[in-house]
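Structural overview for review
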Amino acid sequence: RDAQGKTPLRALQAIVSEGPRRPERLAFAREAGGAVVEWRIPRDLAQLEGHFPGHPVVAGVVQLHWVMGVLEELLGTAPRLASLEALKFHEVLGPGDHARLRVETEAAAEGTRFRFQLADAAREGRLFSSGRGLLRE
């Protein structure tokens, strides 16, 4: 931080450029009405920085961003989130974890409904996050 308490642009650019910005994709499969993606979370993932020192975790907003990215891949266009329901963060997702995201979509009168579960691909029954929502057309 500078004398005014602000972070200089060069410092912000250095933070953003350090480490990969996405998890390592291991698999992607389209299914009827959705997709399943498997990732490994890199130990140097940029979004782990500062969240939390000594015990890095993937923030919930980052997990949701990844869900939206898969929805964009499925729909062929950037999703416009209208609402989120039942959003829950069950277990901590951290560096080295092997995660499996299942996303399902269905057409509705008001847009596209979706639901997701981000689970541990290596440990049966361990759930990182889940939720459902609505996308506007």
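Look up: the structure comes first, before these words.
Residues numbered from 1 in each chain as written. Predicted model: local features only at pLDDT ≥ 70, side-chain atom pairs only at ≥ 80, totals over all residues. Heavy atoms only, no water.

1. Here we look at the side chain of Gln 47
With respect to the secondary-structure elements, Gln 47 resides in the loop between β2 (34-40) and α2 (60-75). Among the residues examined, Gln 47 registers a relative accessible area of 17% and is labelled buried. Of note is the side chain of Gln 47, whose polar atom sits 2.8 Å from the backbone oxygen of Arg 21. Beyond its immediate chain neighbours, meaning those up to four positions away, Gln 47 contacts Pro 20, Arg 21, Val 57 and Val 62. (Helix = DSSP H or I, 4+ residues; strand = E, 2+ residues; numbered from the N terminus. Buried < 20%, exposed > 50% of the residue type's maximum accessible area, 1.4 Å probe, protein only. Polar contact = N/O pair within 3.5 Å; in protein donor to acceptor, adjacent residues only side chain to side chain. Contact = heavy atoms within 4.5 Å.)

2. Looking at the pattern of salt bridges
If you walk through the whole model with that rule in mind, you get 10 salt bridges. Across the salt bridge formed by Arg 102 and Glu 31, the nearest N and O atoms sit 2.9 Å from each other. On the criterion of sequence distance, the pair formed by Arg 102 in strand β4 (residues 98-108) and Glu 31 in strand β1 (residues 24-31) is long-range, its members being 71 residues apart. Under the relative-accessibility criterion, Arg 102 is labelled partly exposed at 33%. As a salt-bridge pair, Asp 97 and Arg 126 come within 3.7 Å of each other at their nearest N and O atoms. Separated by 29 residues along the polypeptide, Asp 97 in the loop between β3 (80-89) and β4 and Arg 126 in the loop between β5 (111-120) and β6 (127-136) bring together distant segments of the chain. Arg 126 shares its class with Asp 97; the two are buried. It is possible to trace a salt-bridge network through shared partners that takes in Glu 91, Asp 97, Asp 120 and Arg 126. (Salt bridge = Lys/Arg side-chain N within 4 Å of Asp/Glu carboxyl O.)

3. So, the sheet that holds β3
Read across the open sheet, the 6 strands follow the order β1-β2-β4-β5-β6-β3; overall the sheet is antiparallel. With one partner strand each, in any of the chains shown, β1 and β3 form the two edges of the open sheet. Looking at each pair of strands side by side, their axes are set apart by 15° on average, direction ignored. Against the sheet, α2 engages β1, β2, β3, β4, β5 and β6, with an angle of about 55° to β4. (Pairing = 2+ DSSP bridges. Axes fitted to C-alpha atoms, helices over the stretch in contact; angles between N-to-C directions.)

4. A short note on α2
With 16 residues, α2 should cover 22 Å at 1.5 Å per step; its first-to-last C-alpha distance of 23 Å lies within 8% of that length. Inspection of α2 places Val 62, Gln 63, Leu 64, Trp 66, Val 67, Met 68, Val 70, Leu 71 and Leu 74 among the buried residues, and these make up the whole buried set. For α2, the secondary structure elements touched by its buried residues are β1, β2, β3, β4, β5 and β6. Once α2 finishes, Gly 76 follows within two positions and takes phi at roughly 80°, a positive value. (Expected span 1.5 Å × (residues − 1).)

5. Some points on the nonpolar core
If you look at the biggest cluster of nonpolar residues, it comprises 25 residues, and the most contacted ones within it are Val 58, Trp 66, Val 67, Val 70, Leu 93, Leu 101 and Val 103. Put simply, the parts of the chain that give this core at least two residues each are β2, α2, β4, β5 and β6. When residues in this core are grouped by element, the largest group, 8 residues, is from α2. Residues contacting Trp 66, with those up to four places away along its chain left out, are Arg 21, Pro 23, Trp 39, Ile 41, Leu 45, Val 58 and Leu 93. (Core = buried A, V, L, I, M, F, W, Y, C linked by side-chain atoms within 4.5 Å.)

6. Points about the environment of Arg 40
Mapping Arg 40 onto the fold places it in strand β2. Residue Arg 40 is classed as partly exposed on the basis of its relative accessible area of 33%. For Arg 40, the contacting residues outside a window of four places in its chain are Pro 23, Glu 24, Leu 26, Gly 96, Asp 97 and His 98.

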